[in-house]
Amino acid sequence: MDGLTVDLVQDAPIPLTARIRAAPGEVLGLVGPSGSGKTTILRAIAGLYRPREGRVGVDGEVWFDSSTAYCLPPHERRCGLVFQSYALFPHMTAVGNIVAGLAHLPPGRRRERAAELLALVHLTGLEDRYPVNLSGGQQQRVAVARALAREPRVLLLDEPFSAVDRETRERLYRELAAMRRRLSMPVVLVTHDLNEALMLADKLSLLRHGRTLQHGEPAQVLAHPDSVEAARLLGHRNVFTARVLEQQPARGFTIIEWQGHRLEAAANGRYRPGDAVAWMVPASKVVLHRRDRPSRGTTENPLSGTISEHLLLGDTTVSALRVDEGEQPALSFRVPIHVAERNGLGVGERASVSLLAAAIHLMPPGDPSP
Amino acid sequence: MRAPCFENTASIYPASRAEGHIEAMDWTALWLSLRLAVFTVVLLLPVGILAGRRLAYGEFAAKGLVEALVALPLVLPPTVLGFYLLGLFGADSPLGSAWQAFTGTSLVFSFEGLLLASVIVNLPFAILPMQRGFEAIPREVREAGACCGMTPWQVLRRIEMPLAWPGVLTASVLSFAHTLGEFGVVLMVGGNIPGETETISIAIYDRVQAFDNAAAARMSALLLVVSVVTIALTFAFSRRLGRRFN
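Residues numbered from 1 in each chain as written. Chains lettered and ligands numbered in written order. Predicted model: local features only at pLDDT ≥ 70, side-chain atom pairs only at ≥ 80, totals over all residues.

## Considerations on the overall build of chain B
Helices and strands together make up the secondary structure of chain B, namely 13 helices and 0 strands. Going residue by residue from the N terminus, the α and β elements of chain B occur as α-α-α-α-α-α-α-α-α-α-α-α-α. By the burial criterion, 38% of the 246 residues in chain B qualify as buried. Sequence-distant contacts in chain B: of pairs separated by 6 or more residues, those separated by 24 or more amount to 75%. (Helix = DSSP H or I, 4+ residues; strand = E, 2+ residues; numbered from the N terminus. Buried ≥ 20, exposed ≤ 12 C-beta atoms within 10 Å, placed from the backbone. Contact = placed C-beta atoms within 7 Å.)

In structure tokens:
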């Protein structure tokens, strides 16, 4: 099979149950909280960590196979790794760092190729600077160029944006997004920042305690988490438990009962009337009713309550609505500041919202508490 | 056992004892000290690099014990260390008898024995600075070398050695200077055989014992100059090295 295939299983010292697939040219976002084993998986791909059991293969070539006790040493794996700390060679200039990865070229060609790579990462003119004289963003670019120097068959990025300031980070995002169109190998991007993965990745692999929770298209994973655990990890706050009332496949709905309210959810044939389920709705799919002019949407899963929390978050506000007669955690929703002002949102104020039925996603019941 | 080999070695090098005592400057002793110091450093470099590196990167059960053993010569009185080495090198010991069988000469009271003792005494001076030098290299920087396609040997040569160089230099200088000045162990293991085991430190002691303060002063001044020049060169060199990429 083309691309990267990784299957790792071990109980100790770091528990792992990871399954990763990345096609050539595809960016896979490996997302999870710190300590979820992301970096360990990356190190196992690069050959810097030897797991107990598993297999790592690239383009049909085996790099590691515990069943045959085969483990290709890291210097024989054509694998580009950008470390979180960049790990540039401090005694070599920018161009020297890149030339260090060009041993496969004849000596006469190396300098020229290094210049091309520096141009690719927009560092022309800084060839002879030592890493200590480069900014964080420039160091990151040298690290990327050095990782690409070897013409790797897989490119691994370990939290490559965590050590730079926000402005630099946004510029680097754009650069990576532009560069990735030219890259033909699978790219694995490790990050704890979901938004980073949503922005840059074609596929998302959710990881927790060394276990792959879910794998798929970022938008798909975000909207349809497989479990309460995955939903929590994706940052969804509106995760609750309910009971299935009836299936209405013709209308495309599954009807659930939540705290005495009858809610229409996106059809899910897996559950039967009477089943306990967990459900979630993204905060962005909770629509605030206008006070002055109720609109057509107010008939779609309408809920009323009192605002128990109201926070300013950049140019939006995040509010928590304690639904009338509700005992469960409050419903979270976000609106732009001007909408919040116009509707007089504030702690203790009354508000009504609609939950968009198509965005209500049902999951097996789990522990819904955060 | 000792007497015959003493005679034996003395008969091989019969020349310099008498001459040395009347010369103002004991060039034989100085030359012997310099040779001993250079050989000690040359032998200790690979030992220090391998052991220092292993101690810096490795995590093994007996690491604490090994570190303590390496540091032992720092705190052990030189005469005590010399006494044990004398036993270790003696013709009755496995090492001493093996050496005797192999070379036909005794290990105690010989230059080779002195060199071996010097290497052992200087282990902490060589290993500890190198260990610190290698410890200062982040693991990821070494790993980046492997990810660039370098073999472990190339990583050592192109990444680790240039970065651990200040530690290696410090280790060499410390071992060199310490060998020039070592007294107790040299006296115990080497005896005091001109041309074979009489080092400059012992020669100075000899002159003072013989009330020849002028000769002792000249030799001491020479050692002082050698030490100052060595330290000055080391400092200048490591500062230049440090400026380049720190």
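Once you've had a look at it, read on.
## A look at the overall build of chain A
Check the secondary structure of chain A and you find 9 helices and 21 strands. Taken along its principal axes, the extent of the C-alpha atoms in chain A is 75 × 50 × 35 Å. Expressed as a percentage of the 370 residues in chain A, the buried residues total 41%. Taking as baseline every contact in chain A between residues at least 6 positions apart, the subset at least 24 positions apart corresponds to 65%.

## Structural notes on the interface of chain B and chain A
Listed as interface residues are 16 residues of chain B and, on the opposing side, 20 residues of chain A. Elements with a minimum of two residues in the side of chain B that touches chain A: helix H9 (139–147) and helix H10 (152–181) of chain B. With 6 residues, the top contributor of residues to the side of chain B that touches chain A is H9 of chain B. Of the residues that constitute the side of chain B that touches chain A, the class distribution is 11 nonpolar, 3 polar and 2 charged. (Nonpolar A, V, L, I, M, F, W, Y, C, P; charged D, E, K, R; others polar.)

## Looking at the confidence of the model for chain A
Confidence along chain A averages 90 in pLDDT terms, with 97% of residues attaining 70 or more. Per-element mean pLDDT across chain A ranges from 85 in helix H5 (residues 166–179) of chain A up to 96 in helix H2 (residues 94–99) of chain A. (pLDDT = per-residue confidence, 0-100.)

## Concerning H9 of chain B
Within H9 of chain B, 7 of the 9 residues are buried, leaving the element largely enclosed by the surrounding structure. Inspection of H9 of chain B places Val-141, Arg-142, Glu-143, Ala-144, Gly-145, Ala-146 and Cys-147 of chain B among the buried residues, and these make up the whole buried set. Buried residues along H9 of chain B sit in contact with helix H1 (38–46) and strand E7 (79–82) of chain A together with H10 of chain B. Of the residues one or two after H9 of chain B, Gly-149 of chain B is the one with positive phi, at around 95 degrees.

## Focus on the sheet that holds strand E15 (residues 276–280) of chain A
Residue and element names in this part refer to chain A. Read across the sheet, 5 strands follow the order E14-E13-E12-E15-E21 without closing on themselves; strand pairing throughout is antiparallel. Edge positions in the open sheet fall to strand E14 (261–266) and strand E21 (361–363), since each of these has one partner strand only. Taken pair by pair, the neighbouring strands of this sheet meet at an average axis angle of 50 degrees, ignoring direction. Bridge count between strand E13 (residues 253–258) and E14: 6 bridges; the pairing is antiparallel. By the bridge assignment for E14, Ile-256 is matched with Leu-263. (Pairing = 2+ DSSP bridges. Axes fitted to C-alpha atoms, helices over the stretch in contact; angles between N-to-C directions.)

## Here's the deal with the nonpolar core
Ranked by size, the top nonpolar core spans 156 residues in total, and within it Ile-45, Ile-98, Leu-156, Val-188, Leu-189 and Trp-279 of chain A carry the most contacts. Looking at this core, the element that brings in the most residues is H10 of chain B, giving 9 residues. Each residue touching Ile-45 of chain A, except ones within four places of it in the same chain, is listed here: Val-6, Val-56, Cys-79, Val-154, Leu-156 and Val-188 of chain A. (Core = buried A, V, L, I, M, F, W, Y, C linked by C-beta atoms within 7 Å.)

## Let's talk about the packing of helix H8 (residues 123–135) of chain B against H10 of chain B
Residue and element names in this part refer to chain B. One way to put it is that H8 packs onto H10 with a least axis distance of 8 Å and a crossing angle of 160 degrees. By the angle between their axes, H8 is roughly antiparallel relative to H10. Crossing handedness for the pair H8 and H10: right-handed. Only Glu-160, Ala-164, Pro-166, Gly-167, Val-168, Thr-170, Ala-171, Leu-174, Ser-175 and His-178 of H10 make contact with H8, whose side of the interface consists of Phe-125, Ala-126, Pro-129, Met-130, Arg-132, Gly-133 and Phe-134. Here the contact of H8 with H10 is composed, by residue class, of 10 nonpolar, 5 polar and 2 charged. (Parallel < 35°, antiparallel > 145°, perpendicular 65-115°, else oblique. Left-handed = near helix turned anticlockwise from the far one by under 90°.)

## A few points about helix H4 (residues 136–149) of chain A
All names here are of chain A. Its 14 residues place the ends of H4 20 Å apart at the C-alpha level, agreeing with the 20 Å of an ideal helix rising 1.5 Å per residue. Counting buried positions along H4 yields 12 of 14 residues, so the element is predominantly enclosed. If you check which residues of H4 are buried, you get Gln-138, Gln-139, Gln-140, Arg-141, Val-142, Ala-143, Val-144, Ala-145, Arg-146, Ala-147, Leu-148 and Ala-149. Of the surrounding elements, those touching the buried residues of H4 are E7, H2, helix H3 (107–120), strand E8 (154–158) and H5. Phi for Glu-151, located one or two positions after H4, is positive at around 50 degrees. (Expected span 1.5 Å × (residues − 1).)

## Looking at the sheet that holds strand E18 (residues 316–323) of chain A
All names here are of chain A. Pairing in this open sheet of 5 strands is antiparallel, and the strands run E16-E20-E17-E18-E19 from one edge to the other. Only two strands of the sheet have a single partner each, and these edge strands are strand E16 (286–288) and strand E19 (331–336). Adjacent strand axes in the sheet meet at a mean angle of 45 degrees, parallel and antiparallel pairs treated alike. Summarising the sheet, E16 and strand E20 (residues 350–355) pair through 3 bridges and their orientation is antiparallel. Bridge assignment links Val-286 to a residue of E20, and that residue is Leu-355.

## Structural notes on unusual backbone geometry
All names here are of chain A. Between Ala-12 and the following residue, Pro-13, the backbone shows a cis peptide bond with an omega angle of 0 degrees. Inspection of the secondary structure puts Pro-13 in the loop between strand E1 (4–10) and strand E2 (16–22). The phi torsion at Tyr-86 lies on the positive side, around 70 degrees, for a residue other than glycine. Judged by local crowding, Tyr-86 falls into the buried class, with 25 C-beta atoms found within 10 Å. Unlike most non-glycine residues, Ala-87 shows phi in positive territory, near 50 degrees.

## Some words on the packing of helix H3 (residues 27–57) of chain B against H8 of chain B
All names here are of chain B. Contact pair H3 / H8: the axes reach a minimum separation of 7 Å and the direction vectors enclose 50 degrees. Viewed along their axes, H3 and H8 adopt a mutual orientation that is oblique. Between H3 and H8 the crossing geometry is right-handed. From H3, Leu-44, Val-47, Gly-48, Ile-49, Ala-51, Gly-52, Arg-53, Leu-55, Ala-56 and Tyr-57 reach across to H8, where they touch Ala-126, Ile-127, Met-130, Gln-131, Gly-133, Phe-134 and Glu-135.

## Side note on the environment of Phe-60 of chain B
Its place among the elements puts Phe-60 of chain B in the loop between H3 and helix H4 (63–75). Note: C-alpha distance between Phe-60 of chain B and Leu-76 of chain B (16 residues apart in sequence) is 25 Å.

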